[in-house]
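A structural walkthrough
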Amino acid sequence: MSDISAEQVRHLANLARIDLSDAEIATMTTELGQIMEAVASVQAVATPDVPATSHPIPLKNVYRPDVVADVIPTDKALASAPEHDGSRFKVSAILGEEQ
Amino acid sequence: MSDLIHKTAAQLAEMLAAGTTTSVEITQAHLDRIAAVDGDLNAFLHVNAAVSLEAAKASDARRAAGAPLSPLDGVPIAIKDVLVTTDMPSTSGSKILEGWMSPYDATVVTKVREAGLVPLGKTNMDEFAMGSSTEHSAYGPTRNPWDLDRIPGGSGGGSAAAVAAFEAPLALGSDTGGSIRQPAHITGTVGVKPTYGGVSRYGAIALASSFDQIGPVTRTVMDSALLHDVIKGHDVHDSTSLKDEWPSFAEAAKNANVKGLKIGVIEQLDGEGFQPGVLARFHESLELLKANGAEIVNVSLPSLEHAVAAYYLILPAEASSNLAKFDSVRFGLRVQPEGGGTVEQVMSATREAGFGAEVKRRIILGTYALSAGYYDAYYGSAQKVRTLVQRDFADAFSKVDVLASPTAPTTAWKLGEQLDDPVAMWRGDIATIPANMAGIPGISVPAGLADEDGLPVGIQFLAPAREDARLYNVGAALETLLEQKWGHTLLSQAPELKGGAL
């Protein structure tokens, strides 16, 4: 369980889109091992007969009428964007050169 | 008029109604207090006196015209920075949102504005509410008004310190695993985590959506009830919000009668691992309730042993998903890697620069718990523990009306003392986490000072889902009994803040 490798943490960081430094990966590899040891006890009591709960107070079929509600206007939505062209968010290239 | 800051919200409401003061006077008194002492505390991340005074003037005009919006019209309130606001920046304690202005108000903010309350500013917090000490804020820690070398609790240390230091009579907080109740315990104030869905989460920057709940942070039980009455209720913008008709919580606090009330003491949260002074005040409070007609019985909730472990799997899993929205595209920080890069590289560089260590730790942990091959073993198992915790509560509440425990195992620790051991700090949430696992409401009420260090101790009461009113009844009863016994409020024993200590 706790045998988490630096390579694994590097992979997780890539999945989570965080460009961790080598030092951070080293620290986090140790910490993640300790944390997983501390939380592993959940597996002992989670026997197959126990159903999972995802939501504290389950609600079903939360619908509302299909009408336009109070929508945030485009200019307001764009006002705090890092970059925009007046009607859309601007981002850098989606594809790298090798793609 | 500096004495205005020592009044409760209920007293200020009465004075406003009687015309003996104005909202401008009250607001100015609190702004002056913030200016005098917040340099030492760092409870506020943002204050704009002109905006607050403008709102206060509008309130006074409404009252002069005989049309106040609510009894609390004109009373100031501090707002935890996790809640988005259109006229103040909202950062959730993170650099990734530095200076960000929301295009809309959180529903609870809309509700307090519609009730005429005057926002004073945004309060400090652990980054994205991840922490129990407010030391994980990207904007520096908040300090405890009882001892500036100690933590104010967290994540809502800013809101708790603000009300404890008389910078605000009321504040809003958010409670994911105790972030309202534990700071209340640590600072000698009152904090309430409502039933899940009882208060809208729309506009609260999400940490773990199945645990998060917004609630009041105040100095008295009645003030929490009054604020809860303002913010409660269904919201079309939050599909998890309940359509229940809620009773008046102020009426419940007025009732304050424990005769015949059955109180269950949670065996698993009474003994080992708890500081002696915390347990002493806890049992003293129970004795007092018993002497006034409550029946005290012991109950066992065996699954609580695994609740912290399960919480620290579910929370990072939900957080890693919720925090994916900080992608450098729509809002907040954007960092260009050297020599430019694709949108994914920009995203990774932005998140590396914008998130603090605890946030990265939990995102990576959550990504791990949700990844293929580990999902069933970790996330799946944790969700089963959640079922077991809920069953334990259901069983306990078939025997008693409310449950009681100390709010947290220890009093305030020194700044920096637990930063190197995240798992140790997480264990401090053992008494508060179960309520979030089960969606039930909880309150922390001041119970006195620990003998060994003279620092505040809180007692926690829990009620079945939708029975928040029971908490105000028992909380107000205990508060009255303790203050009669002491002859003063607990906060009157806090050292005087003069400002300029740091």
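Since the structure is predicted, the reported quantities are computational estimates derived from the model, not experimental observations. (Residues numbered from 1 in each chain as written. Chains lettered and ligands numbered in written order. Predicted model: local features only at pLDDT ≥ 70, side-chain atom pairs only at ≥ 80, totals over all residues. Heavy atoms only, no water.)

**Let's talk about the overall build of chain B**
- Helix and strand counts for chain B stand at 16 helices and 11 strands.
- At 21 Å, chain B has a C-alpha radius of gyration in line with the 23 Å of a compact globule built from 502 residues.
- With respect to the three principal axes, the spread of C-alpha positions in chain B is 65 × 55 × 45 Å.
- Out of the 502 residues in chain B, the part that is buried amounts to 65%.
- The contacts in chain B between residues at least 6 apart in sequence include a share of 76% that link residues at least 24 apart.
- Roughly 15,800 Å² of accessible area belongs to chain B as shown, and the carbon and sulfur atoms make up 51% of that amount.
- Once the 40 positive and 58 negative side-chain charges of chain B are each reduced to a mean point, those two points are 3 Å apart. (Helix = DSSP H or I, 4+ residues; strand = E, 2+ residues; numbered from the N terminus. Rg over C-alpha atoms; globule rule 2.2 N^0.38 Å. Buried < 20%, exposed > 50% of the residue type's maximum accessible area, 1.4 Å probe, protein only. Contact = heavy atoms within 4.5 Å. Areas by Shrake-Rupley, 256 points an atom, 1.4 Å probe, with all protein chains shown as cover. Lys, Arg positive; Asp, Glu negative; His and termini not counted. Charge placed at Lys NZ, Arg CZ, Asp CG, Glu CD.)

**A few points about the confidence of the model for chain B**
- Of the residues in chain B, 100% have a pLDDT of 70 or more, and the chain-wide mean is 96.
- Confidence estimates for the predicted assembly give a pTM of 0.97 and an ipTM of 0.94. (pLDDT = per-residue confidence, 0-100.)

**Concerning a nonpolar patch on the surface**
Residue and element names in this part refer to chain A.
- A contiguous nonpolar patch, built from Val-91, Ile-94 and Leu-95 and spanning about 280 Å² of accessible area, is present on the exposed surface.
- Looking at where Leu-95 falls in the secondary structure, it is placed in the segment after α4 (74-78).
- For Leu-95, a relative accessible area of 54% puts it in the exposed group. (Patch = residues over 30% accessible without salt bridge, like charges linked within 9 Å, V, L, I, M, F, W, Y side chains within 5 Å. Salt bridge = Lys/Arg side-chain N within 4 Å of Asp/Glu carboxyl O.)

**Quick notes on unusual backbone geometry**
Residues and elements named next belong to chain B.
- Cis geometry is found at the peptide bond from Gly-154 to Ser-155, where omega equals 5 degrees.
- Inspection of the secondary structure assignment puts Ser-155 in the loop between β3 (118-123) and α5 (157-164).
- The phi dihedral of Asn-42 is positive, around 55 degrees, even though this residue is not glycine.
- One non-glycine residue with positive phi stands out, namely Ala-256, at about 40 degrees.
- Mapping Ala-256 onto the fold places it in the loop between α8 (249-255) and β7 (262-266).

**Here we look at the domain arrangement of chain B**
Residue and element names in this part refer to chain B.
- Here chain B is partitioned into domain 1 (3-302 + 388-497) and domain 2 (311-381).
- Centre-to-centre, using C-alpha coordinates, domain 1 lies 29 Å away from domain 2.
- The partner domain 2 presents 22 residues to the 24 residues of domain 1 that form the contact.
- Together domain 1 and domain 2 conceal approximately 2,100 Å² of surface at their shared face, both sides included; 70% is due to carbon and sulfur atoms.
- For domain 1, the biggest contributors to the area lost against domain 2 are Ile-96, Met-130 and Trp-426; these three give 35% of the whole.
- At the junction of domain 1 and domain 2, the tally comes to zero salt bridges.
- Secondary-structure elements contributing two or more residues to the side of domain 1 that touches domain 2 are α14 (422-427) and α15 (433-438).
- Here the side of domain 1 that touches domain 2 is composed, by residue class, of 14 nonpolar, seven polar and three charged. (Domains from an automatic or database assignment. Buried area = accessible area lost by both parts, 1.4 Å probe. Nonpolar A, V, L, I, M, F, W, Y, C, P; charged D, E, K, R; others polar.)

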